[in-house]
Amino acid sequence: RILKNMGRINDAYLDYQAILEIDSSLVEPRYMHGIIALSNNDYATAHSDFTKLAAIAPDDAYTIDGMAMYYYYTGEFNKAIPFFSKLLSNNPSIENYSSLIMCHLFLEQLAEASSTIADAMKLYPLEGRFYLHRAYLNHLYYRHNDSDSDIKRAIELGIPTNEANSWREIIHNSMKTK
């Protein structure tokens, strides 16, 4: 982990690989190896690592997180949703909420996205990312003024203007295609 935290990702990956050659049943090194593989777009290795984790420790938080991230990054959002839901039941973090919301939005599951956004905003009313999510949702419901208001609120809450403008651009471009 020290190498990874120092930004020496490739060295960390090789160290995790060496550890797994000694003991392939270790959960945290298997998870970290898979996460680094995923960040390097090595989906086959990531899938192999997370599948092995599921066999070793199916209910471990590392396994659940690894599977959620794998399915999210490979665009298999329907498969990611149950894992993110399980993560939220144990760890209702901003990141877990945001990922679950995005899965619902990508799949155009608007009612589920709306419900998850509402739950997230109850816990984290000052988290600007949720206002960006809601801005996109409002756009999908053709509530463009509400969408603009949510983007402005996200900026007020500390979301960088360039990030908010990226969302605004996505929304604007999707309006052209409808």
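Just above sits the structure.
Note that this is a predicted model, so its numbers are computed, not measured.

About the criteria used
Residues numbered from 1 in each chain as written. Predicted model: local features only at pLDDT ≥ 70, side-chain atom pairs only at ≥ 80, totals over all residues. Heavy atoms only, no water. Helix = DSSP H or I, 4+ residues; strand = E, 2+ residues; numbered from the N terminus. Expected span 1.5 Å × (residues − 1). Buried < 20%, exposed > 50% of the residue type's maximum accessible area, 1.4 Å probe, protein only. Arc of directions from axis to C-beta. Phe/Tyr/Trp six-rings, centres within 6.5 Å; stacked < 30°, edge-to-face > 60°. Lys NZ or Arg CZ within 6 Å of the ring centre and 35° of its normal.

Asks: Explain the environment of Glu95 to me, please; I cannot follow it from the model alone.
Replies: On the secondary structure map, Glu95 appears in helix 7 (residues 94-106). Expressed as a C-alpha distance, the spacing of Glu95 and Ala46, which sit 49 residues apart in the sequence, is 20 Å.

Asks: Is there a simple way to explain helix 10 (residues 144-156) in this structure?
Replies: Within an α-helix, residues lying three or four positions from one another point in the same direction, as the helix has 3.6 residues per turn. End to end, helix 10 covers 19 Å across 13 residues, agreeing with the expected 18 Å (1.5 Å per residue, within 8%). Burial in helix 10 covers these residues: Ser147, Asp150, Ile151 and Ala154. The buried side chains of helix 10 occupy one side of the element, clustering within an arc of 100° when seen end-on. Projecting away from the buried face of helix 10 at angles above 90 degrees are the exposed residues Asn145, Lys152 and Glu156.

Asks: Can you walk me through unusual backbone geometry in this structure?
Replies: Phi is mostly negative for residues that are not glycine, and the peptide bonds are mostly trans. Phi is positive for Glu108, which is not a glycine, with a value near 55°. Checked against the element boundaries, Glu108 lands in the loop between helix 7 and helix 8 (110-123). Overall, Glu108 belongs to the exposed group, its relative accessible area being 55%. Within the chain, Tyr142 stands out as a residue other than glycine whose phi angle is a positive 65°. Within the secondary structure, Tyr142 sits in the loop between helix 9 (128-140) and helix 10. Classification of Tyr142 as exposed rests on a relative accessible area of 58%.

Asks: Before we go on, may I ask you to explain the packing of aromatic side chains in this structure?
Replies: Each aromatic ring pair is described using two quantities: the centre-to-centre distance and the angle formed by the ring planes. Applying the stated criterion to the full structure yields eleven aromatic pairs. Measuring from centroid to centroid gives 5.5 Å for Tyr72 and Tyr73, while their planes differ by 75°, and the two rings are edge-to-face. What makes Tyr72 buried here is its relative accessible area of 18%. Plain terms: the ring middles of Tyr124 and Phe130 are 6.4 Å apart, the flat faces sit at 40° to each other, and that makes the pair tilted. On the basis of relative accessibility, which here comes to 25%, the residue Tyr124 falls in the partly exposed class. One aromatic cluster is present, formed by Tyr72, Tyr73, Phe77, Phe84 and Phe106 through successive ring pairs. The ring of Tyr131 carries Arg153 above its face, with NZ or CZ at 5.9 Å from the centroid.

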